[in-house]
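# Residue-level structure breakdown
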Amino acid sequence: MRLIARFVKEKETYFEIITVYDIKIAKERINKITPVLVSITKEYPAATWFERKIRDDFGIEILYNNDKRPLVKHEHFPSDIFPMRKSFDNVSLEYTEGINDIIEDKHGLVIGPIHPYHLESSQFQLFEQNNDILHFESMPFFKYRAIEKMVEGLSLEEAKPIIERISGTSTIAYQLNYLDIQLQASNRVLPKTLKERHIFFLEFENTINHLYDLAIMCQFIDFVEGYSFFMKLVEEGRETMGIITGHRFGFGAIDMECYTMEIKEAERFIATVEDELLWFEKWIQKRTSLWKKLVQRGVITKEEALSFGLVGLVARSVNLDIDLRTEDKLYREYGFTIAQEGMGDSSSRFKIRLSEIHSSLKLMRCVIDSKVLPFFIGTYQDGEYYSYIESSLGELMMYVELIDSKIERFFVRDPSFLNAQILSRCIKNNEMESLGLILKSIPLSFSGNDL
Amino acid sequence: MVSLIKNKINRNRALEKPIQDGEILRLHRLLKQEIKIRFKSKLKIYILDTGSCNACELELQALFTPLYDIQKLGVEVVYDVREAELLIITGVLTENMYPLCIETYHALKEPKYLITVGDCPLAQAPFRDTFAIKGQLGSHFFINFKITGCPPNPRDILRGLLKFLQKI
């Protein structure tokens, strides 16, 4: 059984703990007077972050979770405030003394909040000796905007512009996930043409993200030509996305109105990337020095991937067949096949991206269509809705509970929330020079993770 | 003729530069001139993301790719704010980034130049107020120039950068 998410919903007299696995959803109730939850980290190590977040958000004590450090609440955050509780509705904080009990070691090095490896805010704690990394830890939630709380009490329409801005690079995936919830709540099914249009956008986004990751990986192995090559394609991709959706990242691309698409521009982009990529693959075949820099860097074993419940291409790089697209009828109809590699290192993650771009482009060719008919969603029924989608980072999970047509509880589990937890293991014992490469070879989004 | 075709097949595509249009070339010329006058041909920038969705960072990063190629003009990203002449802030100002933002701003050398990229620092993006967001950046720090957009595209950033340099 694979752990997907673990989160809490507050009811009038009790807390409900929802644990989502791939084959079942478990719910348990705990009282609000002395809330204590038994940890599942022994069976599922990746539950650590979920449980630390639960403790910070709701003030629920976690039994048998040895990691007592706060995750969401950083320094200066008042320790007696549990912001996700319904009783807390302030929009500002009164500062108290720091609550940060992260042990700072003078021999360690804290990289951040901005560092050469990511252009976004997160902190990494690093211990190094003789150029070998002895310990590595990621400290997230610097970008915590409290989106879960922000959308509470809003209607599904009102929350949409917020949801599409959770993560700029996965905006299409987030919008589609949200649309799926809207469809479930209104009990409607999308027409095939519209669904195909959405597959097109999603695969387009995946392609751009993979091209970008490949560029940065090339940069970290000092392969400047490769960096320039992929960045050119990324820029072309964003320009084309801008032409066909009206936005370079696709904000607002998933709407239900009838609109035409600049099919020629999209076709030109597909043909360019296909052609350029074939040339590139042939070109780098003989450059063994490149592969030497990728092989055996940041190895993840199949056992680790299984126990941490890793998703996306990180899981597929150790031969696991985790890809939600294989379960989709339309994807199967167009002959989608899962890309897998076996080494679990940076070279596997490099190769898998190349093959996934090919399969995305093939799919995009199949589903490209210039026109779609308008579609109306209708009214929403109250209830609990779960949605899952395969983004370029991996499986993205969203949960919404609607009461009186307003959002009562919103929860998202970005793929990064699981995958970032493996960093400390796969970076340890590598050389300092490989740090940037390994970090970028694992697709992560701190904006999605921190929410 | 044969050699021409051969050249085309064998050409190293990775070394080919995208074609820069008239506007980019014009912006480049003017920017280079301003950087030369005001920053002795070297403008070091520090980018601080105080809680963005990453779109603004990627558009900033696009400036350093072959099409926009602004390192050629003497612009360089530094990872130590003490070396920087210009601080660029993106994203909403989160509670968790606020202390680091103060620290970064204080470490910036005089004269302190701060510009914002995107609608988020100005609290104009569709996000609502929460306990985790510190409100408009302008109510905490002096902003010298604002480049708006959600996100502004690389050309807008170049235009904004030029306007800022011409203003100071």
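Every value quoted in this text rests on a predicted model; they were computed, and no experiment measured them.

This part covers the overall build of chain B. Along the backbone of chain B there are 5 helices and 5 strands. Its helices and strands in sequence order give chain B the pattern α-α-β-α-β-β-α-β-β-α, from N to C terminus. On the principal axes, the C-alpha backbone points of chain B span a range of 70 × 35 × 25 Å.

This brings us to the overall build of chain A. Scanning chain A from terminus to terminus reveals 16 helices and 11 strands. Taken against the 2.2 N^0.38 rule, which gives 22 Å for 451 residues, the C-alpha radius of gyration of chain A at 22 Å falls within 12% of a compact globule. Taken along the three principal axes of its C-alpha coordinates, chain A extends 65 × 65 × 40 Å. Expressed as a percentage of its 451 residues, the buried residues of chain A come to 48%. The contacts in chain A between residues at least 6 apart in sequence include a share of 64% that link residues at least 24 apart.

On to the sheet that holds strand E3 (residues 25-31) of chain A, then. Residue and element names in this part refer to chain A. Judged by pairing direction, the sheet is antiparallel, and its 3 strands sit side by side in the order E1-E2-E3 without closing on themselves. Bordering the open sheet on either side are strand E1 (3-10) and E3, each of which pairs with just one other strand. Across the sheet, the axes of successive neighbouring strands diverge by a mean angle of 15°, strand direction being ignored. The sheet contact formed by strand E2 (residues 14-21) and E3 spans 7 bridges and is antiparallel. Paired with Glu16 across the two strands is Arg29, which belongs to E3.

Quick look at the interface of chain A and chain B now. Across the boundary between the two partners, chain A contributes 45 residues, which contact 40 residues of chain B. Elements that contribute at least two residues to the side of chain A that touches chain B include exactly helix H2 (147-150), helix H3 (156-163), helix H6 (224-245) and helix H7 (263-285) of chain A. Residues of the side of chain A that touches chain B, tallied by class, amount to 21 nonpolar, 13 polar and 11 charged.

A separate point is the packing of helix H5 (residues 192-220) of chain A against H6(A). All names here are of chain A. In contact at an axis separation of 8 Å, H5 and H6 are set at 155° when each is read in the N-to-C sense. Judged by the inter-axis angle, H5 sits roughly antiparallel to H6. Where H5 crosses over H6, the handedness of that crossing is left-handed. Residue-level contacts link Phe201, Phe204, Thr207, Ile208, Leu211, Tyr212, Leu214, Ala215, Cys218 and Gln219 of H5 to Gly226, Tyr227, Phe230, Met231, Leu233, Val234, Gly237, Arg238, Met241 and Thr245 of H6. Classifying every residue of the contact of H5 with H6 by side-chain character gives 14 nonpolar, 5 polar and 1 charged.

It is worth spelling out the sheet that holds strand E2 (residues 75-77) of chain B at this point. All names here are of chain B. Across the sheet, which stays open at both edges, the 5 strands sit in the order E2-E1-E3-E4-E5 with parallel pairing between neighbours. Looking at the sheet topology across the chains shown, the edges are occupied by E2 and strand E5 (145-147). Adjacent strand axes in the sheet meet at a mean angle of 30°, parallel and antiparallel pairs treated alike. Both strand E1 (residues 43-49) and E2 contribute to a ladder of 3 bridges, which runs parallel. Bridge pairing in E2 links Ile45 to Val77. Here helix H5 (residues 154-167) sits on the sheet in contact with strand E4 (113-117) and E5, set at roughly 170° to E5.

Residue and element names in this part refer to chain B. E1 sits mainly inside the fold: 6 of its 7 residues count as buried. Traced from E1 through helix H3 (residues 55-62) to E2, the parallel crossover comes out right-handed. The sheet contact formed by E1 and strand E3 (residues 86-90) spans 5 bridges and is parallel. Following the sheet pairing, Leu48 is matched in E3 by Ile89.

Residues and elements named next belong to chain B. Most of E3 sits out of view: 5 of its 5 residues are buried. Of the two faces of E3, the one carrying Leu86, Ile88 and Thr90 and the one carrying Leu87 and Ile89 are both buried. One ladder, built from 5 bridges, connects E3 with E4; its direction is parallel. Within the sheet, the bridge partner assigned to Leu87 lies in E4 and is Leu114. Note that the unit made of E3, helix H4 (residues 98-107) and E4 has a crossover that is right-handed.

With that out of the way, let us pick up the domain arrangement of chain A. Think of interface size as the accessible area that goes away when the parts come together; that is how it is often given. All names here are of chain A. Here chain A is described as being made up of domain 1 (3-102) and domain 2 (154-414). Contact with domain 1, which involves 9 residues of that partner, is made by 8 residues of domain 2. Here the side of domain 1 that touches domain 2 gets 5 residues from one element, more than from any other, and that element is E1. A class-by-class count of the residues in the side of domain 1 that touches domain 2 yields 8 nonpolar, no polar and 1 charged.

Now for the environment of Lys42(A). Here Lys42(A) lies in the loop between strand E4 (36-38) and helix H1 (47-58). For Lys42(A), a count of 10 C-beta atoms within 10 Å corresponds to the exposed category.

A few words now on the nonpolar core. Formed by 166 residues in total, the largest nonpolar core has its most connected members in Leu211(A), Ala215(A), Phe230(A), Leu87(B) and Ile88(B). It is H5(A) that contributes the most residues to this core, 14 residues altogether. When residues are assigned to domains, this core turns out to be shared by domain 1 (3-102) and domain 2 (154-414) of chain A, each giving three or more. If we skip the residues at most four places from it in the chain, Leu87(B) touches Tyr46(B), Leu48(B), Val81(B), Thr104(B), Tyr105(B), Leu108(B), Tyr113(B) and Leu114(B).

Turning our eyes to something else, we now look at the packing of H5(A) against helix H12 (residues 346-367) of chain A. Residue and element names in this part refer to chain A. Running from N to C, H5 and H12 cross one another at 155°; their axes reach a closest spacing of 9 Å. As the angle between them shows, H5 and H12 are arranged roughly antiparallel. The handedness of the crossing between H5 and H12 is left-handed. Here Glu196, Ile199, Phe200, Glu203, Phe204, Asn206, Thr207, His210, Leu211, Asp213, Leu214 and Met217 of H5 come into contact with H12, specifically with Phe350, Arg353, Glu356, Ile357, Ser360, Leu361, Leu363, Met364 and Val367. Residue composition of the contact of H5 with H12, grouped by class: 12 nonpolar, 4 polar and 5 charged.

Take H3(B) next. The buried fraction of H3(B) is high, at 8 of 8 residues. If you check which residues of H3(B) are buried, you get Ala55(B), Cys56(B), Glu57(B), Leu58(B), Glu59(B), Leu60(B), Gln61(B) and Ala62(B). Close packing links the buried residues of H3(B) with H6 of chain A together with E1, E3, E4 and H5 of chain B.

Time to look at H3(A). All names here are of chain A. Taken as a whole, H3 has its buried residues at Leu156, Ala159, Lys160 and Ile163. Taken around the axis of H3, the buried residues stretch over an arc of 125°, which confines them to a single face. For H3, the elements touching its buried residues are helix H4 (171-186) and strand E11 (406-413).

Here the focus is the confidence of the model for chain A. Overall, the prediction assigns chain A a mean pLDDT of 88, with 94% of residues at 70 or greater. In this model residues 98-104 of chain A is a low-confidence stretch, pLDDT under 50, and it forms 11 contacts with partners more than four residues away in sequence or in other chains.

Analysis parameters
Residues numbered from 1 in each chain as written. Chains lettered and ligands numbered in written order. Predicted model: local features only at pLDDT ≥ 70, side-chain atom pairs only at ≥ 80, totals over all residues. Helix = DSSP H or I, 4+ residues; strand = E, 2+ residues; numbered from the N terminus. Rg over C-alpha atoms; globule rule 2.2 N^0.38 Å. Buried ≥ 20, exposed ≤ 12 C-beta atoms within 10 Å, placed from the backbone. Contact = placed C-beta atoms within 7 Å. Pairing = 2+ DSSP bridges. Axes fitted to C-alpha atoms, helices over the stretch in contact; angles between N-to-C directions. Nonpolar A, V, L, I, M, F, W, Y, C, P; charged D, E, K, R; others polar. Parallel < 35°, antiparallel > 145°, perpendicular 65-115°, else oblique. Left-handed = near helix turned anticlockwise from the far one by under 90°. Right-handed = clockwise from strand over helix to strand, strands pointing away. Domains from an automatic or database assignment. Core = buried A, V, L, I, M, F, W, Y, C linked by C-beta atoms within 7 Å. Arc of directions from axis to C-beta. pLDDT = per-residue confidence, 0-100.

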